[in-house]
Each structure stands twice: as C-alpha cells, then as structure tokens.
Amino acid sequence: MQVHPSALITGITGQDGAHLAEFLLGRGYVVHGVRLYSATDDTQRLRDILDHPCFHLHIGDLNDGGALARLIRDCAPNEIYNLAAQSHVHASFKVPEATAQINALGPLRLLEAVRVLGREHDIKFYQASSSEMFGNAPAPQNENTPFAPCSPYAAAKLYAYWLVRNYRDAYGMFACNGILFNHESALRGQEFVTQKIARGVAALASDRDAPVLALGNLNSRRDWGDARDYVRGMWMMLQRDTPDDYVLGTGQSHSVRDFVNAAFDAAGFSLTWAGIGVGETARCSRTGRLLVRIDPSLFRPTEVNNLIADATKARTILGWTPETDFQTLVRDMIVAAMDDVSHARRDDHWANGNNARFA
Ligand code: NAP
Ligand code: G4F
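Owing to the predicted nature of the structure, the values given are computational and were not obtained by experimental measurement.

Draft legend 1. Up close: the site of ligand 2. As a matter of local geometry, ligand 2 sits amid 24 residues, with Ser130, Tyr153, Ser220, Arg300 and Glu303 nearest to it. Within the side chain of Ser131, a nitrogen or oxygen atom sits 2.6 Å from an oxygen atom of ligand 2. Within the contact set of ligand 2, an oxygen atom lies 2.8 Å away from a side-chain nitrogen or oxygen of Tyr153. Surface burial for ligand 2 is 95%, taken as the share of its 710 Å² of free accessible area covered by protein chains. Residues belonging to the shell around ligand 2 are distributed by class as follows: 9 nonpolar, 8 polar and 7 charged.

Encoded structure:
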C-alpha cells in the first residue's frame, strides 16, 4: 500500500496557504489545513481544492496551544508549515500586542506542542520568517545580514526566527526559517500594495467613476516575486537531510512607483507624474484624468526603504530559482484583477434586474 506524506499548514486561508496546499496535493501529500473559526465563508482561495479527497480543513488558532497540540496529535503530520500570521506590517503598529501574540507566541505554542507530544524527531517544521526582519540593513540582504526590525510585525517575526534556531539547537528539531522577500499573486490580500494597485487599476480601466488610487509611500523598494515560486522553495527546505535557514527572493528591486507605472501600462494607460511629496499625482497622459494621489494616512511610523534578496544560498544548496519575472507578475495580477472586475460588473448587471435573458 502506498503511504502518502502528510502536511499540516496553518494560515491555510491566506495567499501562501492556498498555493502551498495546491502544490503539496499535486505531489501526492495528504494536506491538513488549519483555519480560524469564522462565521462567514473565508475559504474563497481554496475553492479549487476544497473537494480534493486528500484535503482536510480543521478549526484552529495560533492563540490556543491546546487546540494546536490536539490537531498535531490527531493529524500526525510529517511536515508542519507555520504560515499563519497577522501579516500586515502597517496594521501591526495599530495592534502590536495582538501581532506579537500570533506572530511571536504562535510559533512558540506550535513548537512546544510538537515537543510535548514527543514528535520533535519526526516532524519537520517550516517557519514563515520575513525579509522585514532586515529593516533598513544595507541591501542586498542574505542569511548573514544583521537584522534590524522596524515594526512590531518584524520584531515579533524575529522572536519566532530565533526560537526556531533555538529549538533546532536545544532539542535537535528539524526546524527551518524561510526568510522570504515579498511575494504576490492573484490570491494576494487586497490590503497589500500590489493587489491594491492591481484592483484599483482594473476598476479605473473599466469604470469612469472609479475612485482615484490613493497610496502612501511611493519610494520604498521591494523585491517582488511570484508566490508559487516561493511555496516550492518552502517545500524544498524541508526535503533536505539537515535543517537550515534560507533567504528566498529574486535579487531585483522595484519601487512602489515602478509597480504603479507597470500596472497602468499593462492596462493600456500611460502616466504623467507631477508634484512632489504628499502633493504628487499621476494623470492619464492622453486624457488628463486624475488616476493616482497620495494619502498621508498610509505612511508608516517607520518604513523599510529597500529590500533586495541575495538568494545565493537557496540557489546553490536547494537548487531554487524563481521562474516569474517582475513584468510577468504585474501583468498576471492585472489580468486577474480585470477578470474579477468584469465578473463583478456582470453579476451586478443581472442582480440589478437586467436579467431579461432568463425571464
Ligand atoms: P496572509 O494571506 O495574510 O495569510 C495569513 C493567514 O494567517 C490567514 O489565513 C489568516 O486567517 C491566518 N491567521 C491570522 N491569525 C491567525 C491565528 N490567530 N490563528 C490561525 N491563523 C491565523 O499572508 P501570506 O501572504 O499568505 O503570508 C504567509 C506567511 O508568510 C505569513 O506568516 C507572513 O507573515 C509570511 N510572509 C509573507 C510574505 C509575503 O510577501 N506574502 C513574505 C514574508 C513572510 P484570516 O485570513 O482568517 O485572518
Ligand atoms: O504591500 P505592503 O503592505 O508589504 P510589506 O509591508 O512590504 O510587507 C509584506 O512583505 C513582507 C516581506 O518583506 C511580509 F513579511 C509581510 O507579511 C507582507 O507580506 O507594502 C509594501 C510597500 C511599503 O513600503 C508601503 O509603505 O508599499 C508601501 N505602500 C505605499 N502605499 C503601501 C501603500 N502599502 C500598502 N499596504 N498600502 C498602500 O496604500
């Protein structure tokens, strides 16, 4: 009888959870996904795999150590991927304590559960660490770059990072940190800048009355890759014989302004920028229509200015390379956002009584 490897994924309803689950199911895994209890349907990103015979959803919470221990005992996974987090950096300034509970103490609860169950030598553990931990350390950043977190989010992630290393050293656990730079996809949450831009551009392209795209800091630079490349990298880390920490990123950085220009370009607009600081705007070069403005409330109390990955270690040891370039990523996100906007408009059209076709 064939034995399938099994994985438990926290944060299953998020961008990476959905992509990783699909990737692992494609490799013959039994996948157990952990989602928060929700009275509303939060499984949109999982719609293609919900009926898969090897996919199982469970209620759990990184704030509830007992529930996590019971899940690990009952699911008996070979691999745990801890992707659950309060993952929004700006929000972490508003809810720093809740962010620490989930992002710092959550991984502690999971690691302790594995240890208390006596499974520390047969479960491999992946922790979703972040390039935000580098803060404003000089670019490019790699595994040897000193950390300098500049948000409650990054500080909490750094606690978890060190905990993973400590559990590896102290208890011999196979525990890895993936220090991942920004990665995006059509499944990206709408509060993150790439998806906000993609959705905003799609709305402006299809509706003359759509709101102007309001953004914060246009000058920060990020190393943006495609989430599907990164979930493959997470899995690769756990297939090694020895645990270690790896940076994943493309090695290319672009400013938020670059992303805005590329996104409008993909939707057929060319932009003319004018003004400086909070007065900066972008208009359609052909019609003069106002398309982008600055909203100072979106500035962060402290900002990470420039992230660029040096992923040499992942390339040489894991054989990992990202397959999607920046232009393709932007274009794919715009195509998906346009598609969603046109579906929503069609649904509205029929919902508003224009359903003579079915009368
Ligand atoms: P995401 O879309 O925001 O997903 C986060 C997931 O965590 C959601 O499913 C969320 O559920 C869940 N969650 C929140 N609080 C929880 C709790 N108390 N217990 C259990 N689950 C909880 O984030 P992502 O982009 O997929 O990122 C995955 C992980 O990688 C996160 O840890 C993030 O910090 C880290 N990371 C992401 C990037 C990136 O660029 N995407 C880069 C580096 C590191 P709800 O949606 O129901 O709240
Ligand atoms: O899209 P963001 O919110 O992503 P950020 O802060 O880089 O964090 C993401 O990547 C991290 C990895 O480095 C992850 F750990 C984290 O979980 C998350 O996935 O913002 C990107 C940049 C920032 O500099 C921000 O100030 O875009 C700037 N920005 C400008 N206007 C905006 C906006 N960000 C958001 N979210 N919304 C804006 O309107």
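Draft legend 2. Expanded view of the site of ligand 1. Close to ligand 1 lie 24 residues; Thr13, Asp16, Ser87, Tyr153 and Lys157 are nearest. Note that an oxygen atom of ligand 1 is positioned 2.6 Å from one of the side-chain N or O atoms of Ser87. At 2.8 Å from an oxygen atom of ligand 1 is found a side-chain nitrogen or oxygen belonging to Lys157. Across the complex, the protein chains shield 85% of the 900 Å² of accessible surface that ligand 1 would expose by itself.

Draft legend 3. How the structure looks around the pattern of salt bridges. Following the criterion strictly, the structure yields 15 salt bridges and no others. Measuring nitrogen to oxygen at the nearest pair gives 2.9 Å for the salt bridge that ties Arg73 to Asp74. For the residue pair Arg73 and Asp74, the accessibility class agrees, reading exposed in each case. Of the charged contacts in the structure, one is a salt bridge between Glu132 and Arg222, with a shortest N-O distance of 3.6 Å. Remark: Arg222 occurs in strand 9 (residues 221-222) and Glu132 occurs in the loop between strand 5 (124-130) and helix 5 (152-171); sequence separation between them is 90 residues. An identical accessibility class is assigned to Glu132 and Arg222; each is buried. Via salt bridges that share partners, Glu132, Arg222 and Glu303 belong to a single interconnected network.

Draft legend 4. Spotlight on the environment of Pro149. Turning to its location among the elements, Pro149 is positioned in the loop between strand 5 and helix 5. With residues up to four places along the chain from it excluded, the contact list for Pro149 reads Glu132, Met133, Ala154, Ala155 and Leu158.

Draft legend 5. Molecular detail of the packing of aromatic side chains. Following the criterion strictly, the structure yields 12 aromatic pairs and no others. Ring centres of Phe23 and Trp235 lie 5.5 Å apart, and the angle between their planes is 65 degrees; this geometry places the pair in the edge-to-face category. In this pair, Phe23 is assigned in helix 1 (residues 15-26) and Trp235 in helix 7 (residues 227-238), connecting sequence segments 212 residues apart. Like Trp235, Phe23 is buried. Both rings, one in Tyr230 and one in Trp320, keep their centres 5.4 Å apart while their planes meet at 75 degrees; by these two values the pair is edge-to-face. Taken together, the residues Tyr230 in helix 7 and Trp320 in the loop between helix 9 (312-318) and helix 10 (326-351) connect sequence positions 90 residues apart. No difference in accessibility class separates Tyr230 from Trp320, as the two residues are buried. By way of ring pairs, the aromatic residues Phe134, Phe147, Tyr161, Trp162 and Phe181 are connected into one cluster. Cation over ring: Arg188 sits above Phe192, and NZ or CZ is 4.0 Å from the ring centre.

Draft legend 6. Spotlight on empty space enclosed by the protein. Under the definition given, this model contains 1 cavity of 30 Å³ or more. Taken as a whole, the largest cavity spans an internal volume of roughly 40 Å³. Together, Val89, Phe93, Glu132, Cys150, Ser151, Arg222, Arg300, Thr302, Glu303 and Val304 line the largest cavity. When the residues that make up the lining of the largest cavity are grouped by side-chain class, the tally is 4 nonpolar, 2 polar and 4 charged.

Draft legend 7. Examining the pairing of strand 2 (residues 30-35) more closely. Most of strand 2 sits inside the fold, with 6 of its 6 residues counted as buried. Residues of strand 2 alternate between two faces, with Val30, His32 and Val34 on one and Val31, Gly33 and Arg35 on the opposite face, all of them buried. Direction of pairing for strand 1 (residues 6-10) relative to strand 2: parallel, over a ladder of 5 bridges. In the sheet register, Ser6 faces strand 2, and the bridge partner there is Val30. Once the chain exits strand 1 it traverses helix 1 before rejoining the sheet at strand 2, and the crossover so formed is right-handed. Taken together, the 5 bridges between strand 2 and strand 3 (residues 55-59) define a ladder with parallel strand orientation. Each bridged residue has a counterpart across the sheet, and for His32 the counterpart in strand 3 is His56.

Draft legend 8. Here's a closer look at the packing of helix 1 against helix 7. Running from N to C, helix 1 and helix 7 cross one another at 65 degrees; their axes reach a closest spacing of 9 Å. The hand of the helix 1/helix 7 crossing is right-handed. Contact residues: Gln15, Asp16, His19, Leu20, Phe23 and Leu24 in helix 1; Ala227, Arg228, Val231, Arg232, Met234 and Trp235 in helix 7.

The rules behind these values
Residues numbered from 1 in each chain as written. Chains lettered and ligands numbered in written order. Predicted model: local features only at pLDDT ≥ 70, side-chain atom pairs only at ≥ 80, totals over all residues. Heavy atoms only, no water. Near = heavy atom within 4 Å. Polar contact = N/O pair within 3.5 Å; in protein donor to acceptor, adjacent residues only side chain to side chain. Areas by Shrake-Rupley, 256 points an atom, 1.4 Å probe, with all protein chains shown as cover. Nonpolar A, V, L, I, M, F, W, Y, C, P; charged D, E, K, R; others polar. Salt bridge = Lys/Arg side-chain N within 4 Å of Asp/Glu carboxyl O. Buried < 20%, exposed > 50% of the residue type's maximum accessible area, 1.4 Å probe, protein only. Helix = DSSP H or I, 4+ residues; strand = E, 2+ residues; numbered from the N terminus. Contact = heavy atoms within 4.5 Å. Phe/Tyr/Trp six-rings, centres within 6.5 Å; stacked < 30°, edge-to-face > 60°. Lys NZ or Arg CZ within 6 Å of the ring centre and 35° of its normal. 1 Å grid on protein atoms, 1.4 Å probe; cavity = no way out; pocket = protein on both sides within 12 Å on 5 of 7 lines; lining within 4 Å. Points joined across faces, edges and corners; volume = space filled by probe spheres on them. Pairing = 2+ DSSP bridges. Right-handed = clockwise from strand over helix to strand, strands pointing away. Axes fitted to C-alpha atoms, helices over the stretch in contact; angles between N-to-C directions. Left-handed = near helix turned anticlockwise from the far one by under 90°.

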